[in-house]
Amino acid sequence: MRKILSSLLLISTASVTQAQQVRPATSSKIYHEIAQLRHLVNVLYVAAHPDDENTRLLAWLVNDKNVRTGYLSLTRGDGGQNILGSEQGEALGLIRTHELMEARKLDGAEQYFSRAIDFGFSKTNEETFKHWPEYQLTYDAVWVMRKFRPDVVICRFPPNTMAGHGQHAASAIIAAKAYKKVGDKMQYTEQLHTYTAWQPKRLLQNTYRFGDRNTTSEDQFKQAVGQYVPGMGMGVGELAGLSRSIHKSQGAGTPSVPGIQIEYFKLIEGDTLTQSLFDGIDITWGRVGMPSIGEDLKKIEDDYDFRHPDASIPALLAVRKKIETVKDEYWRNEKLGEIDQTILDCTGLLAELYTKQPQAVGGVTLPFTLRVIARSKTPVVLSGIQWGGADTTMNLLISNDTLRSFEHTIAIAANTPLTQPYWLTNGHQPGTEMFMIPNDTLIGLPETPNNLNATIQLSVNGVPFSVKVPLSYKKLDPVKGDIVEQLRIVPDATVIFNSTLLITQPDGSVQANVRVHAFKELKNATLAVSGTKSEVFSLKGINLAASGDTIIPVKIAAQASAAQGGDYYLSVELAANGKTYNQSQHLIQYNHLPTLQYFNPAYAKVLRANWKCTAKRIGYIEGAGDLVASMLRQAGLEVDVLKESDLTNAAKLKKYDAIITGIRAINVEKRMAYWMPVLLEYARNGGTLVMQYNTTQDMATTNLGPYPLTLASDQRVTEEDAKITFLDPANRILNYPNKITDDDFAGWVQERGLYFASKWDDKYTPLFSMHDEGEQPLKGGTLYTKLGKGNYIYTSLSFSRQLPAGNKGAIRLLMNMLSIGK
């Protein structure tokens with residue numbers, strides 16, 4: 001029984017977000033589960049990013065064909081853009097990971113990832129593989145294939161520039177390499193201690209028409225999808241729209257389209273197909289020599305009573321007994337896991353185990369409430385509860401729709417790992433854009449397995465079942481109702497600088513604040529701040545109350561700061577009770593996601609200011625989220641976030657030396673259509689308006705400037721070290737108050753810029769020309785025009801990435817833009 005349960009739990013953690021309550025499926029979902037039990041076939045879809053997958057095809061495979069389907073996304077979307085907030089990089093990857101898992105809850109597919117990091121847009125697979133080691137990435141894909149054992153592998157993209165993105169093309173190349181290696185026992189032999197070699201039947205590309213890219217042809221295999229599924233009350237195309245629209249951080253709202261559409265498939269490797277994606281594959285129980293199991297399941301499906309799913313339990317238990325005799329170990333364990341879940345769903349089982357606090361430190365004991373109920377005429381008996389270190393035995397009938405509640409304290413082990421994404425635990429592999437992970441068994445998993453559980457022992461009509469119930473936090477929200485989330489494990493204390501970017505004072509000293517949060521009482525603690533070469537600050541005798549924040553001012557003398565060299569990093573740690581604490585806690589909270597927690601070492605980068613700025617007071621209009629305003633404040637400028645009441649007429653804006661808009665302000669702030677005339681009038685009256693990049697999607701207005709200019713989604717420079725040519729060297733922006741040279745474009749990260757202007761009025765002056773290797777020069781990255789008494793600048797340069805990275809050349813250039821009118 002333990003072996004069977006272990007298999008079931010592994011499947012569930014590999015597919016979707018770990019539920020914090022054990023809840024039964026709907027009657028329609030149970031019917032689908034029974035139908036899927038009849039099919040012994042797996043399909044794996046492969047692409048590069050969250051939202052690359054064809055959700056219409058996934059939804060069709062799962063919900064119309066009742067086929068187990070998974071999606072392997074090579075990355076977690078770390079290098080994308082975020083219209084919800086300021087999270088970038090790893091934090092954005094965490095958001096997009098959970099958006100993808102929420103999407104899978106809707107369409108029913110399973111979710112997998114490799115260790116690859118999305119480092120931003122790339123134009124060729126050659127550029128991509130400069131960052132991704134092919135051998136290791138293929139290793140990950142082979143691992144997932146050997147684990148999932150797909151009969152059909154489908155990649156989304158071709159392995160060339162028609163993919164539209166270097167990482168897209170790379171995903172196709174990796175899929176093909178993995179397809180050829182997965183069945184070879186001489187490849188990645190260390191994996192064979194865990195999984196056996198496995199050879200899929202065929203590798204396909206799901207071809208497409210995207211804009212001017214068309215990879216379809218009429219001689220390709222065609223499959224009609226989108227059919228109406230009565231149990232869902234919609235067609236799979238409609239479900240696909242709902243699923244894809246979960247990618248809210250990307251602004252990926254997608255229409256739900258009813259009706260049948262045609263999908264095209266190109267054979268890449270393996271056996272040809274003429275009738276079905278599964279040509280030549282026995283997808284029935286005849287595959288394992290047990291056709292009678294399929295016949296039994298077909299009868300259960302035909303006799304299924306939607307009002308009384310529990311009526312199917314005796315027949316399902318009889319089938320389960322047959323499955324235990326199947327000789328094929330993989331299909332025996334896979335289908336035992338599936339049928340166990342179906343039987344429990346038929347019982348109407350609900351179990352939840354919760355406490356009243358959201359987080360806990362290791363070593364504490366907390367009170368928990370366990371609530372269990374079953375709704376079934378077939379007897380369900382609760383025979384025991386394993387609380388973790390303590391067992392309770394009983395013989396309690398719970399199948400009469402009567403709620404049973406138990407109160408119990410549970411000790412959280414002192415060595416319980418912190419709650420955080422496993423892929424962020426050890427940082428990046430040196431010299432690559434790949435995560436370091438603790439061990440291979442985690443490869444592919446969408447999130448860290450939750451080992452904080454109690455186990456309830458049940459008997460269903462005399463057959464024993466073990467069910468793990470996660471330790472949860474539950475509260476009643478006055479607007480949302482019940483909130484149930486994972487109990488998060490935290491350290492005794494966390495530390496964090498008030499900003500990860502600090503700028504030296506005019507006298508060379510550094511001032512910062514360190515916030516210490518204690519999750520338990522700590523006495524006589526010592527805080528130490530160290531630079532690159534030595535300790536620069538310490539404070540002893542700190543007493544910290546539990547659940548309290550303490551702000552500690554840190555001043556580093558000019559001499560101590562100078563001893564660290566040029567620009568340098570600060571780290572901080574708190575020592576107490578023989579332990580040290582040096583991590584910062586980060587919580588991400590959006591309505592469409594559970595609370596997400598991760599930790600990283602507390603640090604701040606110290607910059608020695610080598611710029612001037614003659615602008616003093618800045619107005620800032622929020623966009624999709626960037627850190628420009630906070631950086632300007634760090635540099636000593638007065639920054640006001642402008643609201644609607646500030647933008648009713650230009651006279652109210654006269655007090656600002658310059659106004660800068662946040663990234664994608666035109667896309668996310670619909671009032672920009674009304675604000676743009678006011679902002680342009682402000683510039684005509686003598687102000688300076690700096691507009692950061694916008695995209696071409698869902699624009700509030702196309703009137704981006706005083707004269708016509710047109711943006712292009714395909715004009716960007718992704719090579720962060722691309723050569724810059726100054727087109728107007730005498731322009732004031734390049735000379736005042738800081739002289740801009742080639743050195744100011746050194747050390748940029750991820751990209752030069754994106755969504756450049758492709759057309760503009762002759763009244764604009766382009767300042768720079770740049771291009772990726774092998775492409776034509778682009779001149780629409782920064783446009784300037786004199787406007788009345790003032791100035792207008794439109795820039796697609798990626799200041800939103802350079803400033804948080806502490807790139808001083810980008811800071812100097814931005815300061816010039818803000819200062820041009822002073």
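In what follows, the structure referred to is the one given above.
Here is what the cut-offs are and how they apply
Sequence positions are assigned chain by chain, starting from 1 and proceeding in written order. For a predicted model such as this one, the threshold for reporting local features is a pLDDT of at least 70, and the threshold for listing and counting side-chain atom pairs is 80 or more; totals across whole chains, interfaces and linings nevertheless cover every residue. Side-chain numbers here rest on the full set of heavy atoms in the structure, without hydrogens or water. The rule is short: rings of Phe, Tyr and Trp, with Trp giving its six-membered ring, pair when the centres are within 6.5 Å, and they are stacked under 30 degrees, edge-to-face over 60, tilted in between. Helix and strand definitions here come from DSSP, where helices need a minimum of 4 consecutive H or I residues and strands a minimum of 2 consecutive E residues; each element is numbered from the N-terminal end. Per-residue accessibility, obtained with a 1.4 Å probe over protein chains only, is compared with the maximum for each type, and a residue is labelled buried under 20%, exposed over 50%, and partly exposed between these values. Consider the ring centre and the ring normal. A charge sits over the ring if Lys NZ or Arg CZ is within 6 Å of that centre and within 35 degrees of that normal. Strand pairing is defined by DSSP finding a minimum of two bridges between the two strands. Here an angle of 0 to 180 degrees is reported between the N-to-C directions of two axes, which are lines fitted to C-alpha atoms, with helices fitted over the stretch in contact. Whether two residues touch is decided by their heavy atoms; if any such pair falls within 4.5 Å, the residues are in contact.

Another point: the packing of aromatic side chains. Within this structure, the stated rule accounts for 23 aromatic pairs. Measuring from ring centre to ring centre gives 5.1 Å for Y31 and F306, while their planes differ by 40 degrees; the resulting arrangement is tilted. Residue Y31 is located in helix α2 (residues 27–37), and its partner F306 is located in the loop between α9 (291–303) and α10 (313–323); the two are separated by 275 residues in the primary sequence. Classification of Y31 by relative accessible area gives partly exposed; the value is 28%. A residue is classified by how much of its surface remains accessible, and F306, at 41% relative accessible area, is partly exposed. Look at Y304 and F306: their rings are 4.8 Å apart centre to centre, the planes differ by 80 degrees, and that puts the pair in the edge-to-face class. Feature note: the residues F726, F745, W748, F768 and F799 constitute an aromatic cluster, connected by ring pairs. Of note, R732 hangs over the ring of Y736, and the distance from its end group to the ring centre comes to 4.0 Å. Above the face of the Y707 ring, K763 is positioned so that its terminal group lies 5.1 Å from the ring centre.

One open sheet accounts for three strands, arranged β22-β24-β27; its pairing is antiparallel. A strand with exactly one partner marks an edge of an open sheet, and here the two such strands are β22 (493–497) and β27 (548–556). Sheet twist, expressed as the mean angle between neighbouring strand axes with direction ignored, is 20 degrees. Across nine bridges, the pairing between strand β24 (residues 510–518) and β27 is antiparallel. Paired with A512 across the strands is V554, a residue of β27.

Glancing now at the environment of G183. The topology assignment puts G183 in the loop between α7 (166–181) and β5 (202–207). Here G183 is in contact with A197, W198 and Q199, once residues within four sequence places are set aside.

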